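These are the residues of each chain, in order.
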Amino acid sequence: MAASSVSKGCFVFKPNLKKRKTFVPIEEYFNKGKKESEDSKLRFETYQLIWQQMKSETEQLQEELNKNLFDSLIKFLQKSHSGFQKNSRDWGCQIKLREIPTAALILGVNVTDHDLTFRSLTEALQNNVTPYVVSLQARDCPDMKHFLQKLFSQLMDCHVDVESKEQEKDIQKKIQCSVDSLSSWYMHVTQKMDPGKPGKKRTSSSQWQSPPVVLILKDMESFTTKVLQDFIIISSQHLHEFPLRLIFGIATSPIIIHRLLPHAVSSLLCIEIFQSLSCKEHLTTVLDKLLLTTQFPFKLSEKVLQILISIFLYYDFSIQNFIKGLQLSLLEHFYSQPLSVLCCNLPEAKGRINFLSDNQCENIRRLPSFRRYVEKQAAEKQVALLTNERFLKIRELYCTCLEKNIWDSEEYASALQLLRMLAKDELMTILQKCFNVLKSSSDKQLGSSAKRVEELLAQFQSLDAEAKEEEDTSGSQSKGLQKTDLYHLQKSLLEMKELRRTGKKQTKFELLREKVVNFIDGLVREHLLPPETQPLHEVVYFTAAHTLHEHLNAAPRIALHTALNNPYYYLKNEALKSEEGCIPNVAPDICIAYKLHLECSRLINLVDWSEAFATVVTAAEKMDASSVTSEERNKIIHARFIRAVSELELLGFVKPTKRKTDHVARLTWGGC
C-alpha cells in the first residue's frame, strides 16, 4: 500500500530556466538576420570604441565647464563656515550668524541635465568641503515630516563610521525626526570625529572639526511654500548647533525665492547668486569637440544635425539628450551600414581595406557616390574599379567637410563682398591668419596655397613704396592746380565724373585685392566640397535623418493606431495579414475591439459592440463541444471583451459616460 500510495503521488519539478537560456552573440544583433556576418562583431566593437572615446570627451568637457562654477561655490561655503567658527562666540555677531548662508544656483530650463550637474557638485563638495552633503527633491518631501526623515536618513548615509551607522538607524526608528534630534546627532558625530581623540577616523574632505551640513534642494520652485518656510525658520534657531548651508537649484530666475518666501523668512537667508554656463554655449562647445574635429571619424549629415539641433532648441535645451541622439545616430550608422567597418582612424582603416571580402567590395560598388566617381574616370580605370579588387582597395575613402555648396549661399556672397571693401591693413591681417593656418597643415596642396598667400603678402608690402611716390606726385599736381583758373578746374572735375560714369580705372591695390578675393574663392571651391560629392562618404556620414526623427520625435498616437489597426506591422505574423477594411479573426482581442470601435459614432453601445466582437472571435474558435459548453464559451468571450474595453479605456480611446448607462464615449475621431 505504501508503494501504491507513492506511485499515485503527483510530483512537480520546476524547470531549470538557467539551462534553457541561450547566449546570443553580439555580432548577431548587427547581422539583421543574414547568414553572413559582414564583420558585425568588428562593427560593434568599433562602435563601442568610438562611443567610449566620445563619452569620455563629453565628461571631461563637462568637468571643465563646471570647474569655475564649482570653485566659486566651494569658496563661498568655505568662507561662510570659517567666518561662522571664528565669530561663533562673539555675541555681537549673533544676529548676523542667524542668517543661513544660501547659494542660489541658476541652472536654466534644461531640467534633464540638472541631475548630472548635482551629482558632480555633490562629489566636489564631499572632496573639498564636508562629507555631509544631502540632496532632496520636492516629490519626496510633501510635508515637514517626510522632509526631516529624508534629511536624517541621507545624513546617516554620509557618516563614515559604518559600525555606528546601523545603531543610528535603529535610533532613528525609535525617535521622532526633528531639528533638535538632528542637532543632537550632529554633535554626537562631530565629537567622534575630533582629531584630538586617538583611534577615531576623520575623512580627508572635512577641513574643520565641525564640518558644515550642505543641503541641496534640486528643484526649489517645486517645494511646498510652508515646508520651506518652517524648515528655514527652525533651522535658523539651531544654526550654532547644526551648521546648515543651503543650495537652491533654480531653473527660472532668483526672483522665485522672494515669491515663495515672505520677507520675514527670506531675511533669514544670506543669499549669493551663482550662474551656470548657457545651454547654447555648452552646445557650441560640444559640437566643436565631437563633430567639428578630426579626432572622431564619425560625422553627421546636414539633415541629421539639423534634427538634433531643432530638438535641442525647440524642446528641452538638454545637452544630455543631444548626446543621446548622437549616440543613437552612431549606433544606427554601424548597425545599418555594413561598410561602417571602415569608419575608424585612417591608419587602421587602411589596414582593414586589405582584408575586405568580395561581398564588401561589391557593396562599395553599389554606393551611389562610388558610381558617380567611376563615371568620371577614364574607360580603362572604370573597368579596373569594377573588376579588380586590388585596384579598388587603394582609393581615397574619407572626407571632412560637412557643409553643402558654400559658394551658393547668401552668407558667402556677403563675405566676399566684404572682402572687396576692406582696407589694406585689414586685408593683410586676414591674409596673415590664413597663412598661419595653411602653413600648419600637413596637406601638400594646402602647403602650396600657403606659398601663394605669402607671395600676395609680399605684393601688398611692395605697394607701400609706390604709395609714397604717388603722394609726392599728387602734391606737385595740387600745387599746379592752384595756379589754374576756376574754369579749368571745373572742366577737369566734369571730365573725372564722366570717366567714373563710363568706367573707373582700378588702382594697383584694388587689382591686387580682387586677386586675393578670387584666390580665396578658388580655394573654398576646391577644398570645401559637400560630402555628397566625395566617393564613399556613406562610410563615415550618417544620413538616415528619417530614422533618427522616428526614434527621437515619437508620435504615440500614430504608433498606437498602427499597432491596433495593423498588428502585422509589429508582430510579423503572416496570419495577421488582411485586406484593407477587414478584421482578421486571429488578431489580438484589443485589435479586434479597436477596429470595431472605429466603425461606431461618438457614443458606442456596449451590447452591440460585444455582439460584434463575439461574431468576429467565434470565427476563429476551435473549442471541443464536449469539453466546453456554449454558456462557458460565451462567458469566456464576454470576459475577453471586458478586458479589451478596459485596455482601450486605459489607453484613452473610450471612457464611461453618464448620458446612457449601457454606452461608452469615444474620445478619438477619425482613423488616426
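For the structure, check the block above.
Quantities reported herein were computed from a predicted structural model and do not represent experimental measurements.

Is there a simple way to think about the side chain of S340 in this case?
As for its position among the elements, S340 is in the loop between α15 (319–336) and α16 (346–353). With relative accessibility at 0%, the residue S340 sits in the buried group. In this structure the side chain of S340 is engaged in a polar contact, spanning 2.6 Å, whose partner is the backbone oxygen of Q337.

Sorry if this is basic, but what is going on with unusual backbone geometry here?
The bulk of non-glycine residues show a negative phi, and the bulk of peptide bonds are trans. With a phi close to 55°, F317 is a non-glycine residue in the positive phi region. Within the fold, F317 resides in the loop between α14 (302–316) and α15. A residue is classified by how much of its surface remains accessible, and F317, at 24% relative accessible area, is partly exposed. Not every positive phi belongs to a glycine, and K572 is a case in point at roughly 55°. With respect to the helices and strands, K572 occurs in the loop between α28 (568–571) and α29 (589–597). On the basis of relative accessibility, which here comes to 54%, the residue K572 falls in the exposed class.

Sorry, what's going on with helix α6 (residues 114–128) here?
It helps to recall that an α-helix has 3.6 residues per turn; residues three or four apart then point in one direction. The first and last C-alpha atoms of α6 sit 21 Å apart over 15 residues, in line with the 21 Å expected at 1.5 Å per residue. Taken together, the buried positions of α6 are H114, T117, F118, L121, T122, A124 and L125.

Which parts of the structure should I look at to understand the sheet that holds strand β10 (residues 663–666)?
Two strands in a sheet stick together by hydrogen bonds in their backbones, pointing the same way (parallel) or opposite ways (antiparallel). Spatially, the 3 strands line up as an open sheet ordered β8-β10-β9, and their pairing is antiparallel. In the strand order of this sheet, the two ends are held by β8 (603–605) and β9 (654–656), each with one partner. Each adjacent strand pair in this sheet contributes to an overall mean axis angle of 40°, direction not counted. Running over the sheet, helix α30 (residues 606–618) touches β8, β9 and β10 and is turned about 60° from β8.

Teacher, can you tell me more about the layout of surface pockets here?
Rolled over the atoms, a probe sized like a water molecule indicates the empty space that remains. Reported here for the second largest pocket is a volume of approximately 590 Å³. In this structure, the second largest pocket is lined by 25 residues; those nearest its centre are E59, Q62, E63, L116 and S120. Residue assignment for the lining of the second largest pocket shows that the elements contributing at least two residues are α4 (40–86), α6, α13 (279–290) and α15. Here the lining of the second largest pocket gets 11 residues from one element, more than from any other, and that element is α4.

Where do I start with the packing of α13 against α14 in this structure?
Angle between the axes and distance between the axes: these two values describe a pair of packed helices. In the contact formed by α13 and α14, the axes pass within 12 Å of each other and the chain directions differ by 160°. It follows from the interaxial angle that α13 and α14 lie roughly antiparallel. Seen from above, α13 lies across α14 with right-handed handedness. Residues C279, K280, L283 and L287 of α13 pack against L305, I309, F312 and L313 of α14. Counted by class, the contact of α13 with α14 contains 7 nonpolar, no polar and 1 charged residues.

Reading guide: rules and limits
Residues numbered from 1 in each chain as written. Predicted model: local features only at pLDDT ≥ 70, side-chain atom pairs only at ≥ 80, totals over all residues. Heavy atoms only, no water. Helix = DSSP H or I, 4+ residues; strand = E, 2+ residues; numbered from the N terminus. Buried < 20%, exposed > 50% of the residue type's maximum accessible area, 1.4 Å probe, protein only. Polar contact = N/O pair within 3.5 Å; in protein donor to acceptor, adjacent residues only side chain to side chain. Expected span 1.5 Å × (residues − 1). Pairing = 2+ DSSP bridges. Axes fitted to C-alpha atoms, helices over the stretch in contact; angles between N-to-C directions. Contact = heavy atoms within 4.5 Å. 1 Å grid on protein atoms, 1.4 Å probe; cavity = no way out; pocket = protein on both sides within 12 Å on 5 of 7 lines; lining within 4 Å. Points joined across faces, edges and corners; volume = space filled by probe spheres on them. Parallel < 35°, antiparallel > 145°, perpendicular 65-115°, else oblique. Left-handed = near helix turned anticlockwise from the far one by under 90°. Nonpolar A, V, L, I, M, F, W, Y, C, P; charged D, E, K, R; others polar.

The analysis is restricted to geometry; functional conclusions fall outside its scope.
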